[in-house]
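# Architecture at a glance
In case you want the letters, here they are:
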Amino acid sequence: MRYASVFALLVFSSFSAPAFSQPAMKMGDKDWVALEKVLDDVNNQWLCSGKYYKAKRQDCVDFRAQYWADQFFEIGQTGNVQDKAQMVASQTAGAAKTPDVVRGTGPNPQEFKLMAVYGDIALATDHTIFKVADASGNLSVTSEARVLRMFVKENGKWRPAGAALVRIAQ
Amino acid sequence: MKYVWVLILCFLGGFILPAQAQEKPAKSTGNAALEKELYEVELKWMKAEHDKKLSGPDSMGEMWMDEFFDVLPGGRVVNKQEMMDMMNKADPKPGTGAFPVDFKIRAIYGDIVLATDHTTIKGLDSSGKIVPVREMNVLRMFVKDKGKWRVAGAGLVPVAAP
């Protein structure tokens, strides 16, 4: 009988364990700020921006193909929805046409803000400024977007899970 | 000794089950039913906004998680209270509002589902006729909270004119 009670408790715990959806941390507390910093760094790696700059466009595409979660998807600024394979294919095609990257061009994320955490999923926003370089290397802004960025913790490591890019009205 | 093995197996089950949920592929046979269920949640969400239902069953207050947020067209980010205030101040006419179609689950991570849809916003033209005023592809985020699907937020991306 004693074993039966323990058995029942453990069976119950195995079903109740997945109900993790209540956030374990609160916006602004120490853990929240620490996670925001980690994810900001993940975001920069994802975009090959700042200290993660890569001179060859294809190197960044190859890195993303490894870094993004398998279920990664993105809604682009024009509303186009693409899954991971489609994103990698289109970016590979872009890299073949323009193989070299001028430092500072492409997406430049700032104002990264962690908005919600549900277990191993984190939701954040940032303000991403897209820049290009002219023939003499001068940078100019092509568009700006408020980006909703999603992250998933898999095997103890945070990875990009997807994004929705909303063009900022000028 | 027999009981000890049963106990160990059950204990491990408590860890393995959530891990399996995370690894569930986006396209599984169970997705059609879940897609239908979440689309129904979404329609209730749209109705709550249109009807300015702030509290009670199937209201914004009940359906939305406390950490709910939207990224609106134009890039403004609003939290739950700000969005509820916005909806409450709106003056929607019958037949206008948000009409989502083509709802698709894109990713499932345990009790979190990430989906997209195509939403048409309908309003009135100068002659009072109901017309589409904006087309968007929308990221919709859902959380299963205490056994019930609730809304975590959305990212509304206007579709560029062809």
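Residues numbered from 1 in each chain as written. Chains lettered and ligands numbered in written order. Predicted model: local features only at pLDDT ≥ 70, side-chain atom pairs only at ≥ 80, totals over all residues.

## Points about the overall build of chain B
Helices and strands together make up the secondary structure of chain B, namely four helices and six strands. Here chain B holds 162 residues, and 28% of them are scored as buried. The contacts of chain B with a sequence gap of at least 6 include a subset with a gap of at least 24, amounting to 47%. (Helix = DSSP H or I, 4+ residues; strand = E, 2+ residues; numbered from the N terminus. Buried ≥ 20, exposed ≤ 12 C-beta atoms within 10 Å, placed from the backbone. Contact = placed C-beta atoms within 7 Å.)

## A word on the overall build of chain A
What chain A contains, in helices and strands, is four helices and six strands. Listed by position from the N terminus, the elements making up chain A come as α-α-α-β-β-α-β-β-β-β. Looking at chain A as a whole, 32% of its 170 residues are labelled buried. If you take every contact in chain A between residues at least 6 apart in sequence, the share linking residues at least 24 apart comes to 52%.

## A few points about the sheet that holds strand β5 (residues 130-145) of chain B
Residue and element names in this part refer to chain B. Across the sheet, which stays open at both edges, the six strands sit in the order β2-β1-β6-β5-β4-β3 with mixed pairing between neighbours. Only two strands of the sheet have a single partner each, and these edge strands are β2 (77-79) and β3 (97-109). Averaged over all pairs of adjacent strands, the angle between their axes in this sheet comes to 20°, without regard to strand direction. Where strand β4 (residues 112-124) and β5 come together, 13 bridges link them in antiparallel fashion. Paired with Asp-117 across the bridge in β5 is Val-138. Its contacts with the sheet put helix α2 (residues 31-50) on β3, β4, β5 and β6 (148-158), and the angle it makes with β3 is roughly 140°. Across the sheet, helix α4 (residues 80-89) touches β1 (64-71) and β2, and the angle it forms with β2 is around 95°. (Pairing = 2+ DSSP bridges. Axes fitted to C-alpha atoms, helices over the stretch in contact; angles between N-to-C directions.)

## With respect to the confidence of the model for chain A
With 86% of its residues at a pLDDT of at least 70, chain A reaches an overall mean of 90. Confidence over residues 6-22 of chain A falls short of pLDDT 50; this stretch has 31 contacts with residues more than four positions distant or in other chains. (pLDDT = per-residue confidence, 0-100.)

## So, the sheet that holds strand β4 (residues 121-133) of chain A
All names here are of chain A. Taken together, six strands build an open sheet; the order of strands is β2-β1-β6-β5-β4-β3 and the sheet is mixed. Only two strands of the sheet have a single neighbouring strand rather than two, namely β2 (81-83) and β3 (106-118). Along the sheet, successive strands turn relative to each other by an average axial angle of 20°, direction set aside. Direction of pairing for strand β5 (residues 139-154) relative to strand β6 (residues 157-167): antiparallel, over a ladder of 10 bridges. Within the sheet, the bridge partner assigned to Met-150 lies in β6 and is Gly-162. In this fold helix α4 (residues 84-97) packs onto β1 (73-75) and β2, with an angle of close to 95° to the strand it touches most, β2.

## Things to note about helix α2 (residues 30-46) of chain A
Residue and element names in this part refer to chain A. An ideal rise of 1.5 Å per residue puts 24 Å on 17 residues; α2 measures up with 24 Å between its terminal C-alpha atoms. Among the residues of α2, Leu-39, Val-42, Asn-43 and Trp-46 are the ones counted as buried. Projected onto a plane normal to the axis of α2, the buried residues spread over an arc of 100° and lie on a single side. Seen from the open side of α2, the exposed residues pointing more than 90 degrees away from its buried face are Lys-30, Val-33, Ala-34 and Lys-37. Where α2 is buried, its residues meet α3 (57-67), β3, β4, β5 and β6. (Expected span 1.5 Å × (residues − 1). Arc of directions from axis to C-beta.)

## Things to note about the pairing of β5 of chain B
All names here are of chain B. What sits between the antiparallel neighbours β4 and β5 is a turn of five residues, in which Gly-128 has the positive phi angle 85°. Judged from the 10 bridges that link them, β5 and β6 form a sheet pairing that is antiparallel. By the bridge assignment, Leu-139 is partnered in β6 with Gly-155. Hairpin geometry of β5 and β6 is characterised by an intervening segment of two residues between the two adjacent antiparallel strands and by a positive phi of about 50° at Lys-146.

## Remarks on α2 of chain B
Residue and element names in this part refer to chain B. Taking 1.5 Å per residue as the helical rise, α2 with its 20 residues ought to reach 28 Å, and the 28 Å between its terminal C-alpha atoms agrees with that figure. Every buried residue of α2 is listed here: Leu-38, Glu-42, Trp-45, Ala-48 and Glu-49. In an axial view of α2, the angular spread of the buried residues amounts to 115°, which keeps them on one side of the axis. For α2, the exposed residues lying more than 90 degrees away from the buried face are Ala-32, Ala-33, Lys-36 and Glu-40. In this structure, the buried residues of α2 make contact with α3 (60-63), α4, β3, β4, β5 and β6.

## Remarks on the pairing of β6 of chain B
Where β1 of chain B lies against β6 of chain B, four bridges are found, and the strand directions are parallel. Looking at the pairing, Phe-69 of chain B lines up with Gly-153 of chain B of β6 of chain B.

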